[in-house]
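Residue strings, one per chain:
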Amino acid sequence: MKKRVAVLISGRGSNMTALIEAAAARDYPAEIAVVVSNRPDAPGLARACAAGVATAVVDHAQFGADREAFERALDEELRKRQIDLVCLAGFMRLLTPWLVERWSGRMLNIHPSLLPQFKGLHTHRRALEADVKWHGATVHFVVPEMDAGPIVAQGSVPVREGDTEATLAERVLEIEHQIYPRALRAVAEGRTES
Ligand code: GRF
């Protein structure tokens, strides 16, 4: 049986699209059962719809500062749809240990750096400032500590002379679209340890 996956987004959803496209293959071990956004205006929602994938919005703004209520609503949405695995894909909310622990070993994130380097935001700018020769992206299991957790897959790209944040981001994004479907396949087939 294919694993039922929820992809959580906040924005354009290019990683989400890569996952939807990979999951369309007959022999892929997971199906994208729903795309959930915390922002009603996330462009990725229309892309998911166009691909025939169910969408849901759990708008964090409606819960004000009550992070716990937001996460309970999110969790309910995932359980209602009998989700097995969750993929964070440009989901711009920090999750509390409560939700992370409920989905322990079943929640993945993609981060645009070669972790453990450059946790947090503005990874491409920081990679350029640090003058690294290689940069990339990481798919990892989500644990309470931000951008930590067992690594499932990484992909690297060279940093080129004259790169800007934008050109580097574009090169890294291409590799993200390759490693996320690969990582999800490995997890869905039980070939990883969280
Ligand atoms: C990606 O760079 C991802 O690594 C980061 O947020 C960005 C999301 O892009 N977590 P997209 O919405 O998947 O296009």
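No experiment lies behind these values; they were computed from the predicted model shown.

Cut-offs applied
- Residues numbered from 1 in each chain as written.
- Predicted model: local features only at pLDDT ≥ 70, side-chain atom pairs only at ≥ 80, totals over all residues.
- Heavy atoms only, no water.
- Buried < 20%, exposed > 50% of the residue type's maximum accessible area, 1.4 Å probe, protein only.
- Helix = DSSP H or I, 4+ residues; strand = E, 2+ residues; numbered from the N terminus.
- Pairing = 2+ DSSP bridges.
- Right-handed = clockwise from strand over helix to strand, strands pointing away.

### As for the pairing of strand 5 (residues 107–111)
So, point 1. Among the 5 residues of strand 5, 5 are classified as buried, and the element is accordingly described as predominantly covered.
So, point 2. Sheet topology places strand 4 (residues 85–88) next to strand 5; 3 bridges connect them, and they run parallel. Its bridge partner lying in strand 5, Cys 87 is registered against Leu 108.
So, point 3. Considered for its hand, the β-α-β crossover made up of strand 4, helix 4 (residues 97–102) and strand 5 is right-handed.
So, point 4. Pairing analysis gives 4 bridges linking strand 5 to strand 6 (residues 134–141), with the strands arranged antiparallel. Paired with His 111 across the strands is Thr 138, a residue of strand 6.

### Quick notes on the pairing of strand 2 (residues 30–37)
So, point 1. Along strand 2, 7 of the 8 residues are buried, which leaves the element largely enclosed by surrounding structure.
So, point 2. By the bridge criterion, 7 bridges tie strand 1 (residues 3–9) to strand 2 in an arrangement that is parallel. Bridge pairing in strand 2 places Ile 9 opposite Ser 37.
So, point 3. After leaving strand 1, the chain enters helix 1 (residues 14–23) and then returns to the sheet as strand 2, a path that is right-handed.
So, point 4. Strand direction decides the pairing type here: strand 2 and strand 3 (residues 55–57), joined by 3 bridges, are parallel. When the sheet's bridge partners are listed, Val 35 is paired in strand 3 with Thr 55.
So, point 5. Since strand 2 and strand 3 lie parallel, the crossover through helix 2 (residues 43–50) that links them has a hand, and here it is right-handed.

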